[in-house]
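Breakdown of the fold
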Amino acid sequence: MGLTLSELAQRLGVDLRGEGDRVITSVGTLQGGGEGALGFLANPAYRRYLTGTRLSAVLLSAEDAADCPVAALVSDNPYADYARAVRLLYPRRKPAPGVHESALIDPAAQIDAGASIAEQVVVGPGARIARGVRLGPACIIGENVSIGEDSELVARVTVLAAARIGRRACIQPGAVIGAEGFGLAASGEGWEKVPQLGSVVIGDDVDIGANTTIDRGALEDTVIEDGVRIDNQVQVAHNVFIGAHTAIAGCVGISGSARIGRHCRLAGGVGVVGHLEIADGVTVTGMSMVTRSISRPGTVWSAGTPLMENHEWRRNAVRMKQLDAQARRLSGIERKLLK
Amino acid sequence: MGLTLSELAQRLGVDLRGEGDRVITSVGTLQGGGEGALGFLANPAYRRYLTGTRLSAVLLSAEDAADCPVAALVSDNPYADYARAVRLLYPRRKPAPGVHESALIDPAAQIDAGASIAEQVVVGPGARIARGVRLGPACIIGENVSIGEDSELVARVTVLAAARIGRRACIQPGAVIGAEGFGLAASGEGWEKVPQLGSVVIGDDVDIGANTTIDRGALEDTVIEDGVRIDNQVQVAHNVFIGAHTAIAGCVGISGSARIGRHCRLAGGVGVVGHLEIADGVTVTGMSMVTRSISRPGTVWSAGTPLMENHEWRRNAVRMKQLDAQARRLSGIERKLLK
Amino acid sequence: MGLTLSELAQRLGVDLRGEGDRVITSVGTLQGGGEGALGFLANPAYRRYLTGTRLSAVLLSAEDAADCPVAALVSDNPYADYARAVRLLYPRRKPAPGVHESALIDPAAQIDAGASIAEQVVVGPGARIARGVRLGPACIIGENVSIGEDSELVARVTVLAAARIGRRACIQPGAVIGAEGFGLAASGEGWEKVPQLGSVVIGDDVDIGANTTIDRGALEDTVIEDGVRIDNQVQVAHNVFIGAHTAIAGCVGISGSARIGRHCRLAGGVGVVGHLEIADGVTVTGMSMVTRSISRPGTVWSAGTPLMENHEWRRNAVRMKQLDAQARRLSGIERKLLK
């Protein structure tokens, strides 16, 4: 198998500088790759490896191409074109359609003949599994859940509450979609539980990471729009709305009824308080807590203190408890000096 | 199905203002609900939707009832009464008792005839499953585990280490109860593992969220008292004690041997250091780290920096590393001025 | 069963002060243990329980032994020796070798006759399961995965991507190893997904906690060296490297391509930004975000603000947004005074 550089250049729509009939069979890094392999240069930190590379070809910008010692595929977006090249060079094996004999499919479920259902999958009544769907081992698909064409649930994914998942989803192991979230009303000496009646609606081309949880809505639905990418161990509470093409990195927690715009980026460990709104295109840097709505699109937000050596941090942390007193002392001095 | 407003008012013990024979069949939001639906008003932020509502009835305070354009159910605690109303209007379907043929029950386990055991459940020797328990698909119940009456393990819950779970628990998918926690003794160049011999004891009416983990005790037991509510992706380490009716939101982490009082509230993403004690009724706000014991009941605690725009945060974050030096400079100036 | 104190002292290589023929059958705490039980004293906070203990023997330092009212086993490292004593007194039951009839083993998998495979395990083609391995209920072992001698996957562990796990691993329920991580290239209005082709390589004597996730590498492998200990709900992204004997507490998140040295300690809730390096022996305290490489071995690092009562925190938090302005005012005053 493999593709010639000419074929690759043509299918990616990029310019080739070098021998077109060289065959590419694999991908590799600038520093580690070898004969027959294609790599890419996007992050300037790796530019130092370019001149010594033993790759057969490199996807890179026109600017970097001048220094490329091997064949160059010149791209406006080398990393995205690399992603496409990988898919051309390593096409996904499609599992054979059919239902494994150990799977337990309710007679009132609709499984398309072109779907592939692996070992020990459980599918409840009224569920609809479309053409090209792959349910990996031990997935649990609850009553009235629907899963759109060509979606893949890798293994051990749980989908409940009549959730509707669009086309081409990719959901990693351990993800739980449609569990009952944290609906509690303080009452007397304890808590009254608020039954959760809503569902989860997920658009097309959505990725959901391993052990991520997305709760069903309380009354209306939790909504994840098209093209949203969610990493591992993310918690999405009831009635959250996540706009199209937003990317959410690992360990983020989003509280109930928060509305995240489109094309946002939440870095790892971010927390979002409930019932607030974040405009389109907003970025929040790692481990920040979003405690207020953000109305200006495209803005970048942060919280937290910088990393310090512990002995230095201890000295400064004490002062964080004195900030208000200090500010008052400062104002007092200024008043005195201005007299 | 449905209930008249008179019936609802009577069963909830609230006052009705409006036609008692109107039939309520569903619930809805103030802004989205319609004919035949009941809603509630508890959060003042939603008061603006009241006058335009198309619900048939609203649960609200006496104060708000004056502005209610439809039938009013006047309550001292509208949200808690709404929770009860939902349970009346949407009674949970009880799954038929019995054991699915794909479940693997050890002959030395005791399963009450009134329990419902779904597909692919595994129950080990010595386990006791009480009347009215529902074990959803693919739950794993280890040796000598006991689960009290009317508890529901929704799906794919793992319970090990002879854990004892009380009555009316509700445990969401992916939760792991009784795993061996992080018991390590530094030794030579590495770590000596400390075998964990304790168990987990969980009271009545406890909720446990999706993908939450509660470790077995090292020697004595990890204890969760009655009425505790734990959200998704919470980590509870060995020998933690959580007092009755405490609520713990998503992504909280509690380190080993911490003691949390009763009626506490830990908001999302809070971390609690090991071996410390938190008094009853304490609230900790989101993403704060509790690094010391809190002895005064009912107090509210916080940590962290406020959210800022990134350019503003960068300027201020640099100064967080200079706080101690700045405080000393301020003192120096004061000394000079006092001379 | 049980061991005499003489036998215990000899097998642990420690000095005994007391009757050697006393039989020890269990372990207990200083404050709760009783007749026939062994305890330990390592944390000075528990020294107050020593004089009143009803244990039959205590592992402790020579310094503390003077105050020990019962037999003393004098150790340089009481906690590590206690760990060893527990293993002597409570040897793990070895499950009988063999494959449960409900397990689904691909004909092209190699299962050693000395391995124990529990209920509903799924093993894919090309997988190799070594002697003494225990796969607990519902583990999923993907294509070409290999698991080394005497490793235990407790229950419901998912291993994919041809991951190689060494000897004597202990992996808790819900862990997911080898899922496809967050490989995204911004492209046009959305994201281009970068197929993940690497694997996960895990050394010997590695512990992995419940619901922890370790992603496969993008091109090269994610690497966990010998003796690494990882707690619950930890997220390890693609191409992370974790050096030997490093311990990582619960809820830590490590971003892609980060390199953590050997003998490091990351406390609970720590976040590590991608593509940076942490030297050997570094400690990071709880909930700190590591935003830069740490090159000096053995250093201790921290971030975050101290816990304050909420009313105090609110006053101080406002000032955190004024720090830069305040610093400038302070400099202004100093200039004025120096004139």
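Residues numbered from 1 in each chain as written. Chains lettered and ligands numbered in written order. Predicted model: local features only at pLDDT ≥ 70, side-chain atom pairs only at ≥ 80, totals over all residues. Heavy atoms only, no water.

1. Examining the relation of the copies chain A and chain C
Between the two copies of this chain, the relationship is a rotation about some axis together with a displacement along it. If you rotate chain A by 120 degrees and push it 0.0 Å along the axis, it lands on chain C with an RMSD of 0.0 Å. This pairing of chains is accounted for by a three-fold axis. Relative to the rotation axis, the C-alpha of G304 of chain A is the closest in chain A, positioned 3.6 Å from it. (Least-squares fit on C-alpha atoms with pLDDT ≥ 70 in both.)

2. Let's talk about the interface of chain A and chain C
In this complex, chain A contributes 68 residues to the contact, which on the side of chain C involves 73 residues. Of the roughly 5800 Å² buried at the junction of chain A and chain C (both faces included), carbon and sulfur atoms supply 58%. Scanning the region where chain A abuts chain C turns up nine salt bridges. Notably, a salt bridge pairs R92 of chain A with E180 of chain C, separated by 2.6 Å at the nearest N-O pair. For the pair chain A and chain C, the number of links is 37 residue pairs in polar contact (both at pLDDT 80 or more). Among the secondary structure elements, those contributing two or more residues to the side of chain A that touches chain C are α3 (78-89), β28 (229-230), β31 (247-248), β40 (308-309), α4 (310-320) and α5 (323-338) of chain A. Bridging between β40 of chain A and strand β39 (residues 300-302) of chain C involves two bridges; their strand directions are antiparallel. By the bridge assignment for β39 of chain C, M308 of chain A is matched with S302 of chain C. (Contact = heavy atoms within 4.5 Å. Buried area = accessible area lost by both parts, 1.4 Å probe. Salt bridge = Lys/Arg side-chain N within 4 Å of Asp/Glu carboxyl O. Polar contact = N/O pair within 3.5 Å; in protein donor to acceptor, adjacent residues only side chain to side chain. Helix = DSSP H or I, 4+ residues; strand = E, 2+ residues; numbered from the N terminus. Pairing = 2+ DSSP bridges.)

3. Re the domain arrangement of chain A
Once the domains are mapped, chain A shows domain 1 (3-89), domain 2 (157-301) and domain 3 (310-339). In this structure, domain 1 of chain A and domain 2 of chain A have C-alpha centres spaced 37 Å apart. (Domains from an automatic or database assignment.)

4. Comments concerning the pattern of salt bridges
Here the structure, examined in full by the defined rule, presents 65 salt bridges over all chains. For the salt bridge of E334 of chain B with R329 of chain A, the shortest nitrogen-to-oxygen distance reads 2.8 Å. Remark: R329 of chain A occurs in helix α5 and E334 of chain B occurs in helix α5 (residues 323-338); the pair is interchain, linking two chains. Given a relative accessible area of 31%, R329 of chain A falls into the partly exposed group. For R92 of chain C, the salt bridge goes to E152 of chain C, with nearest N and O atoms at 3.1 Å. Highlighted residues: R92 of chain C in the loop between α3 (78-89) and β8 (98-99) and E152 of chain C in strand β17 (residues 152-153), separated in sequence by 60 residues. One salt-bridge network, in which partners are shared between bridges, spans D81, R84 and R87 of chain A together with E192 of chain C. (Buried < 20%, exposed > 50% of the residue type's maximum accessible area, 1.4 Å probe, protein only.)

5. Comments concerning the interface of chain B and chain A
Facing the 68 residues of chain B at the interface are 73 residues of chain A. Interface area, chain B with chain A, both sides summed: about 5900 Å², of which 59% is carbon and sulfur. Put simply, chain B and chain A have nine salt bridges between them. Linking R87 of chain B and E192 of chain A is a salt bridge whose minimum nitrogen-to-oxygen distance equals 2.4 Å. Counting across the interface, chain B meets chain A through 37 residue pairs in polar contact (both at pLDDT 80 or more). Mapped onto the side of chain B that touches chain A, the elements with two or more residues apiece are α3 (78-89), β28 (229-230), β31 (247-248), β40 (308-309), α4 (310-320) and α5 of chain B. Of the residues forming the side of chain B that touches chain A, the biggest block, ten residues, is contributed by α5 of chain B. The class makeup of the residues in the side of chain B that touches chain A is 33 nonpolar, 20 polar and 15 charged. (Nonpolar A, V, L, I, M, F, W, Y, C, P; charged D, E, K, R; others polar.)

6. With respect to α5 of chain B
Turn by turn, an α-helix covers 3.6 residues, leaving residues three or four places apart pointing in a common direction. With 16 residues, α5 of chain B ought to run about 22 Å at 1.5 Å a step, and its terminal C-alpha atoms sit 22 Å apart, in line with that. Among the residues making up α5 of chain B, those that are buried are L323, D324, Q326, A327, L330 and I333 of chain B. The secondary structure elements touched by the buried residues of α5 of chain B are α4 and α5 of chain A, α4 of chain B together with α5 (323-338) of chain C. (Expected span 1.5 Å × (residues − 1).)

7. Re the pairing of strand β5 (residues 37-40) of chain A
Residue and element names in this part refer to chain A. Here strand β4 (residues 26-27) pairs with β5 via two bridges, running parallel. By the bridge assignment for β5, V27 is matched with L38. Bridging between β5 and strand β6 (residues 57-60) involves three bridges; their strand directions are parallel. Paired with G39 across the bridge in β6 is V58.

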